[in-house]
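# Structural overview
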Amino acid sequence: MVNIVNCLLTRKCNLACSYCQISGNIDTPLKPNEYPGSQWYFKNEKDTSWWVNTLTSYWSANKDVFFILYGGEPFVRWELLADVVNHLNSIGGHYTIISSCNEGIKKNIYRFFERVSKVEGFTASIDPGFYLSPGGTRKEIEDDEIYKSNTGYATLLELMRDGLVKDP
């Protein structure tokens, strides 16, 4: 029985973190030769109906299955994410969304919340440590990992303050 399903909704991201092998460094020497290159993944992403059918199939087999919705950056495809979350809400599916919550996709996050009545779980991909002090501009925070953590933390605090996420 499948209990957890990792749903890589997209490999696209608005950042280019040096350590990332999902959207940044896909074509590394560690990639098996039989796997296609990054451009194939970017061009062949699945649509809403594929995701809804796939997740429904897992949920039908186990009503307690937990879905992890992530990417690259899932809010790059915020409309798809909204459709998937609305479907999971309608069937009582359990899930969390993992996002960097960075300033560059903040507008998409709020567009998403305009279309979604509730969000069960919301996870911000922020790296703990000295990065977690709100403030600073994109120019001042050159490294995407630091930028992601700094602005992601600020956005998560804002979403929590606004009551948009049930389980941050």
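Owing to the predicted nature of the structure, the values given are computational and were not obtained by experimental measurement.

### Examining the packing of aromatic side chains
- Taken as a whole and judged by the stated rule, the model has 6 aromatic pairs.
- Plain terms: the ring middles of W50 and W51 are 4.8 Å apart, the flat faces sit at 90° to each other, and that makes the pair edge-to-face.
- With relative accessibility at 36%, the residue W50 sits in the partly exposed group.
- The interplanar angle of 80° and the centroid separation of 5.1 Å between the aromatic rings of F112 and F113 together place this pair among those described as edge-to-face.
- Site record: aromatic cluster; members linked through ring pairs are F75, F112, F113 and F122.
- Positioned above the aromatic ring of W50, the side-chain terminus of K46 is 5.4 Å from the ring centre.
- Sitting over the ring of W59, K63 keeps its end group 4.3 Å from the ring centre.

### Description of the packing of helix α2 (residues 48–61) against helix α3 (residues 78–91)
- Direction vectors running N to C along α2 and α3 enclose 30°, while the axes themselves pass 10 Å from each other. Taken together, the axis directions place α2 and α3 in an arrangement best described as roughly parallel. Helix-helix and strand crossings are classified by hand; for α2 and α3 the assignment is right-handed. Within the contact between the two elements, α2 uses T48, W51, V52, L55, T56 and W59 and α3 uses L80, D83, V84, H87, L88 and I91.
- Taken together, the residues of the contact of α2 with α3 sort by class into 8 nonpolar, 3 polar and 1 charged.

### Considerations on unusual backbone geometry
- Phi is positive for C101, close to 60°, though the residue is something other than glycine.
- Along the chain, C101 turns up in the loop between β3 (94–99) and α4 (106–115).

### Some details on the pairing of strand β2 (residues 66–71)
- Both strand β1 (residues 4–10) and β2 contribute to a ladder of 6 bridges, which runs parallel. Residue pairing across strands places L8 opposite Y70, the latter belonging to β2.
- The β-α-β motif built from β2, the intervening α3 and the parallel element β3 has right-handed crossover chirality.

### Remarks on the side chain of T151
- Mapped onto the secondary structure, T151 falls in helix α5 (residues 144–161).
- Judged by relative accessible area, T151 falls into the buried class, the value being 10%.
- When residues no more than four places from it in sequence are discounted, the contact partners of T151 are C101, N102 and E103.

### Some remarks on the sheet that holds β2
- Taken together, the 4 strands give an open sheet; going across it, the order is β1-β2-β3-β4, and neighbouring strands pair in parallel fashion. Looking at which strands have only one partner, the edges of the open sheet turn out to be β1 and β4 (122–124). When the angles between neighbouring strand axes are averaged without regard to direction, this sheet yields 20°.
- Pairing between β2 and β3: 4 bridges, direction parallel. Within β3, the residue paired with I68 across the bridge is T96.

Basis of the calculations
Residues numbered from 1 in each chain as written. Predicted model: local features only at pLDDT ≥ 70, side-chain atom pairs only at ≥ 80, totals over all residues. Heavy atoms only, no water. Phe/Tyr/Trp six-rings, centres within 6.5 Å; stacked < 30°, edge-to-face > 60°. Buried < 20%, exposed > 50% of the residue type's maximum accessible area, 1.4 Å probe, protein only. Lys NZ or Arg CZ within 6 Å of the ring centre and 35° of its normal. Axes fitted to C-alpha atoms, helices over the stretch in contact; angles between N-to-C directions. Helix = DSSP H or I, 4+ residues; strand = E, 2+ residues; numbered from the N terminus. Parallel < 35°, antiparallel > 145°, perpendicular 65-115°, else oblique. Left-handed = near helix turned anticlockwise from the far one by under 90°. Contact = heavy atoms within 4.5 Å. Nonpolar A, V, L, I, M, F, W, Y, C, P; charged D, E, K, R; others polar. Pairing = 2+ DSSP bridges. Right-handed = clockwise from strand over helix to strand, strands pointing away.

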